[in-house]
Amino acid sequence: MRQKHCLVLSSVLVVIVVGLAVTLFVLQPDVMCPKPNVIFSAVQAEPGEFFVVRVDPLGEDGSVLVEAPFITEDPCFFRQGKGLVALIPVGYRSDPGVYALEVAVTKGSKTIYDTEQVFTVNARNFAIQKLYVSPELHAKRDETLWADDHMYTGHARAQSNPDPLWHGPFLEPLKGRITTQFGQIRYINDQESGRHSGLDIASPQGTPVVATNDGAVALARPLNVTGNTVILDHGLNLFTSYSHLDQIAVELGQRVTKGQVIGTVGSTGFSTGSHLHWTVSIGGTFVDPYFVLESADYLEGAILRGELSD
Ligand SMILES: [Zn+2]
């Protein structure tokens with residue numbers, strides 16, 4: 001009788017243990033991978049602005065995909081603390097509207113979490129500029145010359161420091177009169193020639209141009225259209241560029257500090273007079289330098305100190 005009792009008890013125990021093991025096995029992905037938080041620094045933006053997405057916590061084998069019709073370049077995620085962060089630009093050609101922004105988090109080959117975020121792109125009107133230049137100067141904007149330049153600039157922006165190199169607010173590269181705004185729609189000799197990717201700041205030849213924040217020199221060379229050009233990598237895919245320089249004062253790979261002179265104002269390349277063409281981009285997507293002047297400090301805090309909240 002006692003033996004029979006024992007047998008029943010041990011059978012029950014075996015069933016419980018096996019049941020537990022099966023349950024744990026089935027639940028394993030959830031036990032091993034707690035759902036990460038997906039945090040946005042903003043859920044609306046104007047063309048020319050950018051926002052931060054943070055996925056936290058997420059282990060070393062985790063990756064994130066973000067998709068929306070206005071995202072034209074795959075966002076680059078970088079490890080910061082226990083999670084991943086990416087700066088995501090809203091390009092100047094983005095159509096205003098309410099979008100479903102899809103975020104998929106994968107671990108190895110498995111999607112462990114996906115979610116949709118409503119994201120609004122607000123309307124923004126860009127000014128129109130008409131420019132008349134000599135046929136010789138117009139020839140400098142030839143497609144093959146552009147393509148040649150893009151080979152260098154594309155390579156320079158293809159990778160970025162995995163940590164933010166910038167600290168605190170950005171500076172203006174020099175003081176001067178703004179002659180062309182960001183995103184301005186340009187007509188050259190009555191032909192639409194695209195949008196203006198940065199700010200034009202008029203200043204006499206030889207005026208010092210400073211690094212707008214700490215960074216590393218990703219390009220320093222003459223180009224066909226933008227003349228003598230410097231591109232700085234500020235980390236996390238954030239870049240600034242300085243074009244039509246008279247002199248270049250830095251070398252490829254060199255670290256620069258905020259306020260350091262990197263060259264002088266000139267009129268090299270496709271230029272109608274002495275000025276600086278200053279751009280800010282996330283990878284190859286240009287954003288409004290004014291937005292960066294106003295927001296980079298906050299975004300640095302958001303990234304480094306995890307001050308983003310949902
Ligand atoms: Zn310009």
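This text goes with the structure placed above it.
Residues numbered from 1 in each chain as written. Predicted model: local features only at pLDDT ≥ 70, side-chain atom pairs only at ≥ 80, totals over all residues.

Asks: For this particular structure, what's the right way to read the overall build of the protein chain?
Replies: If you tally the helices and strands in the protein chain, you get 4 helices and 21 strands. Split into buried and exposed, the 310 residues of the protein chain put 36% on the buried side. (Helix = DSSP H or I, 4+ residues; strand = E, 2+ residues; numbered from the N terminus. Buried ≥ 20, exposed ≤ 12 C-beta atoms within 10 Å, placed from the backbone.)

Asks: What is the right way to read the pairing of strand β13 (residues 199-202) from this model?
Replies: The two faces of the sheet receive side chains in turn, since in a regular strand these alternate between them. Pairing geometry for strand β10 (residues 177-180) and β13, over 3 bridges, is antiparallel. From the neighbouring strand, Ile178 faces β13, where its bridge partner is Ile201. (Pairing = 2+ DSSP bridges.)

Asks: Whenever I open this one, the nonpolar core confuses me. Can you help?
Replies: Grouped burial of nonpolar side chains is what soluble globular proteins tend to show. Within the largest apolar cluster, 53 residues are counted, with the highest numbers of intra-cluster contacts made by Leu87, Val230 and Leu232. When residues of this core are sorted by domain, at least three fall in each of domain 1 (37-124) and domain 2 (128-286). (Core = buried A, V, L, I, M, F, W, Y, C linked by C-beta atoms within 7 Å. Domains from an automatic or database assignment.)

Asks: Please clarify how the sheet that holds strand β9 (residues 128-131) should be interpreted in this entry.
Replies: Adjacent strands of a sheet pair through backbone hydrogen bonds, lying either parallel or antiparallel. Read across the sheet, 3 strands follow the order β9-β11-β12 without closing on themselves; strand pairing throughout is mixed. Whereas interior strands pair on both sides, the edge strands pair on one side only; in this sheet they are β9 and β12 (191-195). Neighbour-to-neighbour, the strand axes of this sheet turn through a mean angle of 25°, independent of strand direction. Sheet topology note: the strand β11 (residues 185-188)/β12 ladder contains 3 bridges and is antiparallel. Considered in β12, the bridge of Tyr187 is made with Glu192. (Axes fitted to C-alpha atoms, helices over the stretch in contact; angles between N-to-C directions.)

Asks: Mind showing me how you'd approach the sheet that holds strand β4 (residues 62-67) here?
Replies: In spatial order, the strands read β2-β8-β7-β4; together these 4 strands make up an open sheet with mixed pairing. Of all the strands in the sheet, just β2 (44-45) and β4 have a single pairing partner and so form its edges. Relative to strand β8 (residues 110-121), β2 runs parallel, the two being bridged by 2 bridges. Bridged to Ala45 within β8 is Val121.

Asks: Even after reading the chapter, I still don't get unusual backbone geometry, so can you show me in this structure?
Replies: Only a minority of non-glycine residues have a phi that is not negative, and only a minority of peptide bonds are not trans. Of the consecutive residues Asp56 and Pro57, the connecting peptide bond is found in the cis state with omega at 0°. Here Pro57 is to be found in the loop between β3 (50-56) and β4. Here the phi dihedral of Leu236 falls at roughly 55°; this positive angle occurs in a residue that is not glycine. The backbone of His244 shows a phi angle near 65°, a positive value even though the residue is not glycine. In this fold, His244 is placed in strand β17 (residues 238-248). Judged by C-beta crowding, with 25 C-beta atoms within 10 Å, His244 ranks as buried.

Asks: Any chance you could explain the environment of Ala202 here in plain terms?
Replies: Along the polypeptide, Ala202 turns up in strand β13. For the pair formed by Ala202 and Thr179, sequence separation is 23 residues and the distance between their alpha carbons is 6.4 Å. Once you skip the residues sitting within four places of it in the chain, Ala202 turns out to touch Gly176, Arg177, Thr179 and His275. (Contact = placed C-beta atoms within 7 Å.)

Asks: Honestly, the environment of Val250 in this entry has me stumped. Any pointers?
Replies: Take Val250: it is sitting in the loop between β17 and β18 (255-256). Residues Val250 and Val261, 11 residues apart in the sequence, show an inter-C-alpha distance of 8.4 Å. Once you skip the residues sitting within four places of it in the chain, Val250 turns out to touch Val217, Ala220, Val230, Val256 and Ile262.

No statement about biological role is implied by the geometric values presented.
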